[in-house]
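Chain by chain, the residues:
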Amino acid sequence: MKKIKILVVFAMVSIATFYSCTDNNPIENDAVTQKSIANRTAMNELKIANNISGRNTNANASSPFCFELVYPITLSYNTGTTVTVASLQGLLTILAAETPTLYIDGIAFPFQVTTNGAIQTISTEGQYISLLLSCGFNTINTDLLNSFCFDLVFPITILNDNNEEVTITTLQQFTTYLNNPNNGGQTQFVYPISVLYNNQTTVIANLYELYQMINNCDDCICTQEFVPVCVQTPSGIFEFGNMCYAICAGYDQNDLVACDPSACNVSNLTTVITGNCNSDFSYPLTINFNYVNATSTTFNIRKSSGVLLGTYSLNDLPITIPNYTSNTNATDYLTVELNNTCSATQNWILPNCGNPSGNFSTQLGTCFNIMYPVQVQYQGALVTVTSNSQLLQYYFPAQGPIPVMNYPIVATFGNQTFTFANQAAFQSQISASCN
């Protein structure tokens, strides 16, 4: 073990000596460095831009930043050894030699950069973060919110702005912390931490390894929407921020379980077209699903428009809707609601049943009902009608998709009531709910 330590120290001293003498200009290294998450972020972006792992040492150095570092700069390793770098090429050579046990984790403040020919002095970590943000780069907090294809294993411990340890036990707590603008944009973990990646638990020993994990997720960008889903693993139930994160980690809809084993859960929802099209352009649709912890004997089915299709008994599963009608898109979807606390959604490709668009006479009284009386414009006069049959006397398909009525009118779609201020609004709801 002692021999290994001597070799590591010798290697670091050799690197420091070499880069201190780059450009044949020895540099006295009296600067004091400090650990910098922002600098690790910058080094990570620099490695990505120059494809460090597959880099040809003769290739031209490339900077991804909207600024240029003013050399020399002084950096420090995680071991405490400092090195002064005299050029971008020298910096890339150092970065190419990094390992999870020997990597750059600090920089000496102040240092200078040039932006559009102007010199700027960076004196603090906060100024360094702002500099990177001005170039469009993420902070580590933003990467954790938006780009990770892994899930943290909770609890985790972080250091707050007062360098005090804070324990976070759930993903929701961590998301709240990351979204807090007062946390400085830089999460300081107390390592090691564990993550779930590719269905396996991986231990992350330091910031260098965390960025390596983040780099695995470049092809998997998810939104910040917090709609948690959970999967069962050999290590227990793990929660992801939303389904996108779960998919990135290698799971699909069939892997989902209840985040709380005692909570309501709907899974394996299927929708199957089980017959031929009907004459009114509808078709039979069979629905089935699994469920646990139901506190009710019934469930709701809600169409893609949000309209409640009906309430059904769990004992009747699977159920068939004999005359399901869809929108005019290529696909449709519905949502099953159980206990008013859990739900699942499924989509399917529509059958070719023809286009019911403009079929006001079949939609009136089946898809929606109008609250009477209403007034209809006919031959320059307003005519008051009080029933569906009267209204259909003033429906002329060649002249328009619906009768010309005097607005506002009130209509019900399923269990929802709408007041429409004009014909365009009424037609839009018909299109969404009936076609």
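Remember, predicted model here, so these are calculated numbers, not experimental data.

Draft legend 1. Structural view of the overall build of the chain. Across its full length, the chain carries 11 helices and 28 strands. Here the chain, with 435 residues, has 43% of them falling under the buried criterion. Sequence separation of 24 or more characterises 56% of the internal contacts of the chain that already satisfy a separation of 6 or more. As presented, the chain carries roughly 22100 Å² of accessible surface, and 50% of it is formed by carbon and sulfur atoms.

Draft legend 2. Expanded view of the sheet that holds strand β24 (residues 368-370). Pairing within the open sheet is antiparallel, and its three strands lie in the order β24-β27-β28. Here the strands that pair on one side only, and so sit at the sheet edges, are β24 and β28 (416-420). Across this sheet, the average inter-strand angle for adjacent strands is 25°, counted without regard to direction. One ladder, built from five bridges, connects strand β27 (residues 409-413) with β28; its direction is antiparallel. Counted as the bridge partner of I409 is F420 from β28.

Draft legend 3. Quick peek at helix α6 (residues 171-179). Listing the buried residues of α6 in full gives L171, F174, T175, Y177 and L178. One side of α6 holds all its buried residues, which, seen down the axis, span an arc of 160°. One side-chain oxygen of the residue at the start of α6 lies 3.1 Å from the amide nitrogen of Q173, identifying that residue as T170.

Draft legend 4. Examining the pairing of strand β25 (residues 374-378) more closely. Pairing between β25 and strand β26 (residues 381-385): five bridges, direction antiparallel. Across the sheet, V376 pairs through a bridge with V383, a residue of β26. In this antiparallel pair of consecutive strands, β25 and β26, the connection spans two residues, and Q379 shows a positive phi of 50°.

Draft legend 5. Inspection of the sheet that holds strand β23 (residues 342-349) at higher detail. Reading across from one edge, β20-β19-β22-β23 is the order of the four strands in this open sheet, with antiparallel pairing throughout. Looking at the sheet topology across the chains shown, the edges are occupied by β20 (308-313) and β23. Across the sheet, the mean angle separating the axes of adjacent strands is 20° when strand polarity is ignored. Where strand β22 (residues 331-338) and β23 come together, eight bridges link them in antiparallel fashion. Each bridged residue has a counterpart across the sheet, and for T331 the counterpart in β23 is I349.

Draft legend 6. Just the pattern of salt bridges, in detail. Summed over all chains, the structure comprises four salt bridges. K47 is paired through a salt bridge with E98; the nearest N and O atoms lie 3.0 Å apart. Of this pair, K47 sits in helix α2 (residues 37-49) while E98 sits in the loop between α3 (88-96) and β5 (104-108); the two residues are 51 residues apart in sequence, bridging distant segments of the chain. Comparing K47 with E98, the two get one shared label, buried. Ionic pairing is found between R302 and E337, a salt bridge with its closest N-O pair at 3.1 Å. Taken together, the positions of R302 in strand β19 (residues 298-303) and E337 in strand β22 put the pair 35 residues apart, joining distant regions of the chain. Each of R40, K47 and E98 takes part in a single network of salt bridges with overlapping partners.

The rules behind these values
- Residues numbered from 1 in each chain as written.
- Predicted model: local features only at pLDDT ≥ 70, side-chain atom pairs only at ≥ 80, totals over all residues.
- Heavy atoms only, no water.
- Helix = DSSP H or I, 4+ residues; strand = E, 2+ residues; numbered from the N terminus.
- Buried < 20%, exposed > 50% of the residue type's maximum accessible area, 1.4 Å probe, protein only.
- Contact = heavy atoms within 4.5 Å.
- Areas by Shrake-Rupley, 256 points an atom, 1.4 Å probe, with all protein chains shown as cover.
- Pairing = 2+ DSSP bridges.
- Axes fitted to C-alpha atoms, helices over the stretch in contact; angles between N-to-C directions.
- Arc of directions from axis to C-beta.
- Polar contact = N/O pair within 3.5 Å; in protein donor to acceptor, adjacent residues only side chain to side chain.
- Salt bridge = Lys/Arg side-chain N within 4 Å of Asp/Glu carboxyl O.

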